Amino acid sequence: MRHSAGSSGIKSQIKYLLPFLLLIGQSDSVYAEPDYDWVLEQYGNDENSAKGQINGEEYIAVVADQISSTDNQYKSAIFVFRKTKNHPAPIAEIDLEGQSTNGFSVNIKNDSIYLEWWVGHNGWWGARYQFKQINHEFKLIGAERHVEQLLCYLSNTPGCEEHEVLSGTSYNFLTSSAICWQEIRRWDNYKSKKMEWIPSKNAVSHQMKFKPIKLPLLDGFPVYFGEPAACYFDGKNKLVTKRRQEND
């Protein structure tokens with residue numbers, strides 16, 4: 001059978017492209033899937049891991065700055081596994097989008113999974129997210145924001161360097177409500193509360209409602225999650241509110 005010049009040309013192009021297509025496929029396979037066994041072996045028993053029970057089942061979570069022994073690119077992620085009879089089963093993966101794992105942590109308690117991060121920049125800035133199992137899926141039900149900084153970063157008033165500002169916001173996504181709070185106090189009385197996630201007893205506060213949102217899933221949770229609304233106070237404890245959605 002005789003072949004046309006056109007079909008011969010197509011075959012030669014495919015033959016030429018085949019090695020590159022194979023290379024692309026191999027490259028994707030190297031970086032697309034994490035090596036769960038290796039991740040658990042490397043991080044399952046160190047300070048970057050957490051274990052606990054949720055609804056009577058055992059879970060383990062790890063913060064990993066490398067997801068495969070063969071991966072020569074920096075990839076950071078948080079993984080959550082449910083223990084089974086034979087082998088831990090991965091249920092959630094959160095891509096840290098190239099962020100260093102320093103400052104990220106995970107905890108399992110109160111039948112919940114907590115993700116937490118802290119960063120130091122003109123003070124301490126932190127966030128904590130709480131996930132609970134709803135209809136067999138882990139969904140975000142609450143969040144905490146916490147900031148500790150000198151008053152000078154909010155108000156350049158005389159004596160501001162002698163005062164500390166503690167502030168934060170507590171979100172309840174099941175009730176679509178939030179409470180923001182702030183306290184300005186002398187540096188001499190400074191006692192960090194950032195690890196306890198509790199508002200100061202002497203703080204001014206404000207409660208607000210916002211439009212209900214679809215609860216984000218733990219699996220694939222975005223590192224840069226933006227709350228639907230925010231309230232905070234300025235350097236004189238005056239309330240400031242921002243809405244990303246219209247109020248009810």
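Refer to the preceding data block for the structure.
The model shown is predicted, which means the values in this text are computed figures rather than measured ones.

Criteria and thresholds
Residues numbered from 1 in each chain as written. Predicted model: local features only at pLDDT ≥ 70, side-chain atom pairs only at ≥ 80, totals over all residues. Heavy atoms only, no water. 1 Å grid on protein atoms, 1.4 Å probe; cavity = no way out; pocket = protein on both sides within 12 Å on 5 of 7 lines; lining within 4 Å. Points joined across faces, edges and corners; volume = space filled by probe spheres on them. Helix = DSSP H or I, 4+ residues; strand = E, 2+ residues; numbered from the N terminus. Nonpolar A, V, L, I, M, F, W, Y, C, P; charged D, E, K, R; others polar. Pairing = 2+ DSSP bridges. Axes fitted to C-alpha atoms, helices over the stretch in contact; angles between N-to-C directions.

(A) Layout of the layout of surface pockets. Within this model, the largest pocket holds a volume of roughly 550 Å³. Taken together, 26 residues line the largest pocket, and the ones lying closest to its centre are Trp 125, Val 147, Thr 169, Ala 230 and Tyr 232. Of all the elements in the fold, those that place two or more residues in the lining of the largest pocket are strand S7 (124-134), strand S8 (137-150), strand S9 (163-172), strand S10 (177-186) and strand S12 (229-233). Looking at the lining of the largest pocket residue by residue, the class counts come to 14 nonpolar, eight polar and four charged. What the second largest pocket holds in volume is close to 230 Å³. What lines the second largest pocket is a set of 13 residues, among which Gln 99, Phe 104, Trp 117, Val 119 and Val 223 lie closest to the centre. In terms of residue count, strand S6 (residues 112-120) provides more of the lining of the second largest pocket than any other element does, three residues in total.

(B) Looking closely at the sheet that holds S7. Ordered in space as S5-S6-S7-S8-S9-S10-S11, the seven strands form an open sheet in which the pairing is antiparallel. Lying at the two open borders of the sheet, with one neighbouring strand each, are strand S5 (104-109) and strand S11 (204-209). Averaged over all pairs of adjacent strands, the angle between their axes in this sheet comes to 15 degrees, without regard to strand direction. Sheet topology places S5 next to S6; six bridges connect them, and they run antiparallel. Looking at the pairing, Phe 104 lines up with Trp 117 of S6.

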